[in-house]
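Listed below, chain by chain, are the residues.
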Amino acid sequence: MANSEVFKLSATLKGHEDDVRAVLFPNPDLVVSSSRDCSVRLWTRDGQNNKFTQSINSAGAGFINSLAWIPPSREHSKGLVISGGHETVIEVREPLGVAKQDADFILLGHNHNVCALDVYCNTIISGSWDCKARVWSSRNWETVHILEGHTASVWAVLALDENVILTGSADKTIRMWKDGKLVKILKGHTDCVRGLCRIPGGGFASCGNDATIRVWSSNGYQLQELHGHTNFIYSIAALPNGDLVSAGEDRTMRIWRNGECIQTIPHPAISVWTVAVCPETGDIVSGASDRIARVFSRNPQRWADELTMKVPNVKLSNQVGDINKESLPGLEDLQKPGTKDGQVKMVRNGDVVEAHIWSTTTASWTSVGTVVDAVGSSRKREYEGKEYDYVFDVDIQEGAPPLKLPYNANQNPYEAATKFLERNELSMAYLDTVANFIVQNSSGATIGQQQAPAPAARDPYGTESRYRPGETQAPSPKTNFLPHKSFLQITQANLSLIKKKLTELNDKLLQEGDKELCLNPEEMEGLDALIQALEAKKGPSAISKTTLIAMPTIVRVITSWDATQRLPALDLLRLAAAASPIPITYEHPGDASQTLIDILAAAGVFEKSQPNNAMLGTRAFVNIFDLSKAREYAENYYRRIFQLASSAAEGTSNKNLKVAVATLALNYAVLFASKQSVDQAKSLLPYLTTTLAGEGDSEALFRAMVAVGTLLSMGGEVKTTAVKTHLVRRAVDKAVGRVKEPRIEQIGAEIAALF
């Protein structure tokens, strides 16, 4: 049967427990997907009934955000799957459908989240939040080139051939490299570059947060600029016939031909993160925030049945505000043709409002579901007990779950963005992206009647002239970082995943007959009650009550289970410590003199061989500073806590552990400065100056520099010791010269002003 010009749903691949962030479609019978649920899954097609069977190929402790495929060879007849993510390690595994503990090959070099991968012949390219791309050889699995020059995360990589590499970055540029040397900087995108793909016959395409697709010649000249998406475009791929497919934050996947959008496929998800194309059939697979991967085909023989094709209710991203049903046209208005592909029209069908989308290919309107209620100028939304005009879902970093961003229309967008980043422990490098997101998605809202306009958005962390929507004046003076006076917490988590992992591990112990180690139903119920209290954000009293019941079980898991199985319990401890003083008042039932730090140390939580355990143990102590009773414990046990955490991080490549220890140091600096604890403040200086002198991770470095500046603000003996004994001035100069970021330069300037 001949192919249609229209893509239709072929299969729905359900199994992931969190957003599907990357997909591959190497051959007609295999789809590979990775997710924020920390797994890589294989989906094998049964050719007779067009059904896919899933299996887990790998499972880790961090979000997996990027995939690439090495075709079958004599050495690896099934091919190889390459994956990268939050753990900074790139793994190479055969597609066996069995989650082996060890990868076939491991590529080490990045010190931050690996968010982009590509393969060309024997060349592998990776991109990371560390602002670098790396070129590797699959002949020996070693680094061939390190591509440095971008000033922000490298979110896209592409090999045009074995010698010419492209990198796209959050700094809005595409860089072309040949044999490891920069040959050209391509400018055109006005926001972060998110995706790159080769085009059959030559050239390449790019997409980005500016909602545009740009087509380039192979030597870097822009040929076309395509418009159609209404929000960030995250992914782009090319079909064998030269058509393009793109996906983004406007909930759609779009097909492009000769510069025009010829089909728009809506998804019942907030974000369509990724797309990939089968080179043999031209079928497409997408991955989205609803945890589902979907396969689409132009071949009617591979189309799904009508029931499977039915699309659930979709709330379109540009529907902000109350809808006056009486003013909407009825179903008869669908007799009128649309004006462009992807046009959305809302019509009244009895008491409900339906959304329909126009397809130029079929010359018809297609229902995409019932329009659900949205917040507008006459309605507030509640978040953590307070009312806001907007509560946005924001994905600010690759590999992190969508976060809630509350905002009132009379707020300064940059101040709201700053609070959001600080609250969620995220890098200020994303300040512009978040602030512009707020401006774009809250435009047109009014608060009350005849209210004076809000002042132009001011970026308190920027020193350079940046484009700001609606701002015509020069940027206002920057806000100083120093001295820092508030404690930081690290509390983002996937509680449902913690519960699932605990249950799975306990069931495994039970199946293996290890009844002494496995938890009984009452213990599991206690953990579940704590998880529910944390999920519901109940008050301190309710959380403390459930923590009191759950703590003996948490400690039993941490002290008796295998070290590789303790992560979910440590994660739960970290979250409980942020909400209740119970964890730090807990005493070992067999020895009342052993408090929490003694229990964790004796269990080997801070051993170098288990950096993720050490990271979560450190985060638990980071989180106790906001509670007065727990803060006293942090001060009394400072030297033991900090010695264990900092020793675990010595020489580590685990970015999360380094950031956790730097955050712990910052909290201690704030505490000691507030209490003028001179001796304790001086004892922090060796770690901090060593970090400034040699740390390459920008986030850990930034937090350490804020801690140094906060201690120097104490003046007197602390300042003298820092300058004369620990040569902090030289360490600051090294940090500023080594890591080229505006915030590092600013904090360096503020510290220099204190000398």
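Structural data are supplied above this passage.
Anyway, here's the lowdown on the structure attached to this text.

Calculation criteria
- Residues numbered from 1 in each chain as written.
- Predicted model: local features only at pLDDT ≥ 70, side-chain atom pairs only at ≥ 80, totals over all residues.
- Heavy atoms only, no water.
- Salt bridge = Lys/Arg side-chain N within 4 Å of Asp/Glu carboxyl O.
- Helix = DSSP H or I, 4+ residues; strand = E, 2+ residues; numbered from the N terminus.
- Buried < 20%, exposed > 50% of the residue type's maximum accessible area, 1.4 Å probe, protein only.
- Expected span 1.5 Å × (residues − 1).
- Arc of directions from axis to C-beta.
- Contact = heavy atoms within 4.5 Å.
- Polar contact = N/O pair within 3.5 Å; in protein donor to acceptor, adjacent residues only side chain to side chain.
- Axes fitted to C-alpha atoms, helices over the stretch in contact; angles between N-to-C directions.
- Parallel < 35°, antiparallel > 145°, perpendicular 65-115°, else oblique.
- Left-handed = near helix turned anticlockwise from the far one by under 90°.
- Nonpolar A, V, L, I, M, F, W, Y, C, P; charged D, E, K, R; others polar.
- Disulfide = S-S within 2.5 Å.
- Pairing = 2+ DSSP bridges.
- Phe/Tyr/Trp six-rings, centres within 6.5 Å; stacked < 30°, edge-to-face > 60°.
- Lys NZ or Arg CZ within 6 Å of the ring centre and 35° of its normal.
- Core = buried A, V, L, I, M, F, W, Y, C linked by side-chain atoms within 4.5 Å.

To continue, consider the pattern of salt bridges. It is possible for side chains bearing opposite charge to pair when their charged atoms get close. Across all of its chains, the model carries 28 salt bridges by this definition. Salt-bridge contacts for Asp 243 lead to Arg 298; the nearest nitrogen and oxygen are separated by 3.2 Å. With Asp 243 in the loop between strand S22 (233–238) and strand S23 (244–248) and Arg 298 in the loop between strand S28 (292–297) and helix H1 (306–309), this residue pair connects regions lying 55 residues apart in the sequence. Given the relative accessible area of 3%, Asp 243 is considered buried. With relative accessibility at 9%, the residue Arg 298 sits in the buried group. The closest approach of N and O atoms between Asp 283 and Arg 302, which form a salt bridge, is 2.7 Å.

A few words on helix H4 (residues 495–511). For H4, with 17 residues, the first-to-last C-alpha span of 24 Å sits near the 24 Å given by 1.5 Å per residue. Taken residue by residue, H4 has Leu 495, Leu 497, Ile 498, Leu 502, Leu 505, Asn 506 and Leu 509 as its buried positions. Looking straight down H4, one finds that the buried residues subtend no more than 160 degrees of arc, so they occupy a single side. Next to the buried residues of H4 lie helix H5 (521–535) and helix H7 (567–579). Backbone geometry just downstream of H4 places Gly 513 in the positive-phi region, at approximately 80 degrees.

As for its position among the elements, Thr 689 is in helix H14 (residues 678–694). Classification of Thr 689 as buried rests on a relative accessible area of 8%. Among the polar contacts made by the side chain of Thr 689, one reaches the main-chain carbonyl oxygen of Leu 685 at a distance of 2.8 Å. If we skip the residues at most four places from it in the chain, Thr 689 touches His 726, Val 728 and Ala 731.

As a further point, take the packing of helix H13 (residues 655–675) against H14. Where H13 contacts H14, the two axes come as close as 10 Å, and the packing angle between them is 155 degrees. Compared by their axis directions, H13 and H14 come out roughly antiparallel. Crossing of H13 against H14: the hand is left-handed. Here Lys 658, Val 661, Ala 662, Ala 665, Tyr 668, Ala 669 and Phe 672 of H13 come into contact with H14, specifically with Gln 680, Ala 681, Leu 684, Tyr 687 and Leu 688. Along the lines of polarity and charge, the residues of the contact of H13 with H14 split into 10 nonpolar, one polar and one charged.

Throughout the structure, instances matching the rule amount to zero disulfides. Looking at the unpaired Cys 207, the closest cysteine sulfur is the one in Cys 197, lying at 8.0 Å.

Turning our eyes to something else, we now look at the packing of helix H12 (residues 638–649) against H14. Interaxial distance between H12 and H14 falls to 12 Å at its minimum, and their mutual angle equals 5 degrees. Looking at the two axes, H12 sits roughly parallel to H14. Contacts between H12 and H14 involve Tyr 638, Arg 639, Phe 642 and Ser 646 from the first element and Asp 679, Gln 680, Ser 683, Leu 684 and Tyr 687 from the second. Among the residues forming the contact of H12 with H14, the class breakdown is four nonpolar, three polar and two charged.

Now for the sheet that holds strand S10 (residues 114–120). Spatially, the four strands line up as an open sheet ordered S10-S11-S12-S13, and their pairing is antiparallel. Two strands bound the open sheet, and with one partner strand each, they are S10 and strand S13 (142–148). Neighbour-to-neighbour, the strand axes of this sheet turn through a mean angle of 20 degrees, independent of strand direction. As paired elements, S10 and strand S11 (residues 123–128) share six bridges and run antiparallel to each other. Its bridge partner being in S11, Tyr 120 is matched across the sheet by Thr 123.

Quick look at the side chain of His 76 now. Relative to the assigned elements, His 76 resides in the loop between strand S6 (64–70) and strand S7 (80–85). With a relative accessible area of 16%, His 76 lands in the buried category. Here Glu 94 takes part through its side chain, which lies 3.2 Å from a polar atom of the side chain of His 76. With residues near it in sequence (within four places) discarded, His 76 still touches Glu 94 and Phe 105.

Let us look at unusual backbone geometry. Phi is positive for Cys 131, close to 70 degrees, though the residue is something other than glycine. You can see Cys 131 is positioned in the loop between S11 and strand S12 (132–137). Phi angles above zero are rare outside glycine, and Asn 258 is one such case at about 50 degrees. By the secondary structure assignment, Asn 258 is in the loop between strand S24 (252–257) and strand S25 (260–266).

Because the α-helix completes a turn every 3.6 residues, residues three or four places apart line up on one side. Those residues of helix H11 (residues 628–636) lying buried are Ala 630, Tyr 633, Ala 634 and Glu 635. Residues of H11 that are buried make contact with helix H8 (582–585), helix H9 (596–602), helix H10 (611–622), H12, H13 and H14.

All right, on to the packing of aromatic side chains then. Tallying each qualifying case throughout the model produces 13 aromatic pairs. Aromatic pair Phe 232 and Tyr 234: ring centres 6.3 Å apart, planes at 75 degrees, arrangement edge-to-face. In this structure, Phe 232 and Tyr 234 share a single accessibility class: buried. Ring centres 6.3 Å apart and planes at 35 degrees place the aromatic pair Tyr 638 and Phe 642 in the tilted group. You can see Tyr 638 and its partner Phe 642 sitting in helix H12, four residues apart, about one turn around the helix. As far as burial versus exposure is concerned, Tyr 638 and Phe 642 are alike and both buried. Through successive ring pairs, a cluster of aromatic residues spans Phe 487, Phe 625, Tyr 638, Phe 642, Tyr 668, Phe 672 and Tyr 687. In this arrangement the basic side chain of Lys 184 is found over the ring face of Tyr 221, its NZ or CZ atom lying 4.4 Å from the centre. Stacked on the ring of Trp 155, the Lys or Arg Arg 194 has its end atom at 4.0 Å from the ring centre.

This part takes up the nonpolar core. By size, the foremost hydrophobic cluster in this structure holds 103 residues, and its most contacted members are Ile 554, Leu 572, Phe 606, Phe 621, Tyr 668 and Leu 684. Counting residues per element, this core draws most heavily on H13, at 14 residues. Filtering out sequence-adjacent residues up to four positions away, Phe 606 remains in contact with Ile 597, Leu 600, Ala 614, Gly 617, Thr 618, Phe 621, Leu 644, Ala 645 and Ala 648. Counting residues in each nonpolar core, the second largest holds 15 residues, with Leu 239, Ile 255, Val 275 and Ile 284 among its members.

To continue, consider the pairing of strand S2 (residues 20–27). Counting buried residues along S2, seven of its eight residues qualify, which places the element largely inside the surrounding structure. With five bridges joining them, S2 and strand S3 (residues 30–35) adopt antiparallel strand pairing. Paired with Val 20 across the bridge in S3 is Ser 35.

One open sheet holds the four strands; their spatial order is S2-S3-S4-S5, and the pairing between them is antiparallel. With partners counted over all chains shown, the strands left at the sheet margins are S2 and strand S5 (51–59), one partner each. This sheet shows a mean twist of 20 degrees between the axes of neighbouring strands, independent of strand direction.

What follows deals with the environment of Thr 212. Positionally, Thr 212 belongs in strand S20 (residues 212–216). Along the sequence, Thr 212 and His 227 sit 15 residues apart, while their C-alpha atoms lie 5.4 Å from each other. Aside from chain neighbours lying at most four places away, what touches Thr 212 is His 189, Ser 206, Cys 207, Glu 225, Leu 226, His 227 and Ile 233. Polar contacts involving the side chain of Thr 212 include one to the side chain of Asp 210, which spans 2.9 Å.

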